[in-house]
Amino acid sequence: MKVLVALACILACCLAQEPHPCRSPPFLTGALTVSTQNEKLWAYANYEYDAFGRRLRLTEIANYENKTLTIDLLMLYREAAMYEIDTKTRTCKKLPLKEDFHPWEIPKSASLVGQAVLGSSSGPGQGLLVNTWIGDLPQGGGKFVCTVTEFGCIPVNTVYHTDQFGWMVTSLFNNVIGITDPGKLDLPDFCQSAEIETGREEEPDSFLKLFHKKQ
């Protein structure tokens, strides 16, 4: 009887530890890198992420087709607009943003690939327990593979495919829960009067298309 009870307890413990789809904290600050399969784009950015307000700020240095770019973007999904900000000249350009906002999460439809330890499991503090998931991008956009921490559902990296760049890898690090500088998600005063220029089909309508336009 004691053996059966012990086995039941072990089984219950194992089931309790099974990874489940999760959603990242609604407010995050950190840094990320983006690299592409065709080697046209590499970027490093500091970011502020607000899931509740559907806002994302990216301050980055990028290399696109051997051309170095410095870009400061504020994406306001509720407004369907992104702002290219130049704080030195206090100028701002408003661009259409036709991408839908997708919270950083592992959807319930995703499948678990496996669980692993980044670093070492030999001693306390030497490793990070992560879960890797595979799933479908929204609107039939292909597949994604995403790795998040077991505790906290903090994004580590994501791999997905785009027509423009092929496979893309986004890696996140130095993540902090919360917005360390809330003002970065507010529209600067010199951007308040900016308007989207109409009748210009070449204008980018997404973050990735902006790089192609700047080349």
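Residues numbered from 1 in each chain as written. Predicted model: local features only at pLDDT ≥ 70, side-chain atom pairs only at ≥ 80, totals over all residues. Heavy atoms only, no water.

One open sheet holds the eleven strands; their spatial order is S6-S5-S4-S3-S2-S1-S11-S10-S9-S8-S7, and the pairing between them is antiparallel. Edge positions in the open sheet fall to strand S6 (91-96) and strand S7 (111-119), since each of these has one partner strand only. If you compare each strand with its neighbour and ignore which way they point, the axes differ by 20° on average. The sheet contact formed by strand S10 (residues 155-162) and strand S11 (residues 166-177) spans six bridges and is antiparallel. Note on S11: the bridge partner recorded for Tyr 160 is Met 168. (Pairing = 2+ DSSP bridges. Helix = DSSP H or I, 4+ residues; strand = E, 2+ residues; numbered from the N terminus. Axes fitted to C-alpha atoms, helices over the stretch in contact; angles between N-to-C directions.)

Before going further, it helps to spend a moment on the confidence of the model for the chain. Scored by pLDDT, the chain comes out at a mean of 84, with 81% of its residues at no less than 70. The lowest-confidence element of the chain is helix H1 (residues 2-16), averaging 40 in pLDDT; the highest-confidence one is S7, averaging 96. Every residue in residues 1-16 scores below 50 in pLDDT, and together they form zero contacts with partners more than four places removed in sequence or on other chains. (pLDDT = per-residue confidence, 0-100. Contact = heavy atoms within 4.5 Å.)

What follows is about the nonpolar core. Within the largest apolar cluster, 25 residues are counted, with the highest numbers of intra-cluster contacts made by Leu 32, Val 34, Leu 41, Tyr 47, Tyr 49, Leu 58 and Met 75. Only strand S1 (27-36), strand S2 (41-50), strand S3 (55-64), strand S4 (67-76) and S11 provide two or more residues apiece to this core. Among the elements that make up this core, the one with the highest residue count is S2 (five residues). One finds Leu 74, Ala 81, Ile 85 and Cys 191 within the second-largest nonpolar core, a separate group that totals ten residues. (Core = buried A, V, L, I, M, F, W, Y, C linked by side-chain atoms within 4.5 Å. Buried < 20%, exposed > 50% of the residue type's maximum accessible area, 1.4 Å probe, protein only.)

Attention shifts here to the packing of aromatic side chains. One pass over the full model with this rule turns up six aromatic pairs. Note on Tyr 44 and Phe 173: the rings are 6.1 Å apart at their centroids and 35° apart in plane angle, and the pair reads as tilted. Of the two residues, Tyr 44 sits in strand S2 while Phe 173 sits in strand S11, which places them 129 residues apart along the sequence. For the ring pair Tyr 77 and Phe 101, a centre distance of 5.2 Å and an interplane angle of 65° mean the geometry is edge-to-face. With a gap of 24 residues between them, Tyr 77 in the loop between S4 and strand S5 (81-86) and Phe 101 in the loop between S6 and S7 connect regions that are remote in the sequence. Note on Tyr 77: relative accessible area 17%, which makes it buried. The structure contains a cluster of three or more aromatic residues connected by ring pairs, namely Tyr 47, Tyr 49, Tyr 77, Phe 101 and Trp 104. (Phe/Tyr/Trp six-rings, centres within 6.5 Å; stacked < 30°, edge-to-face > 60°.)

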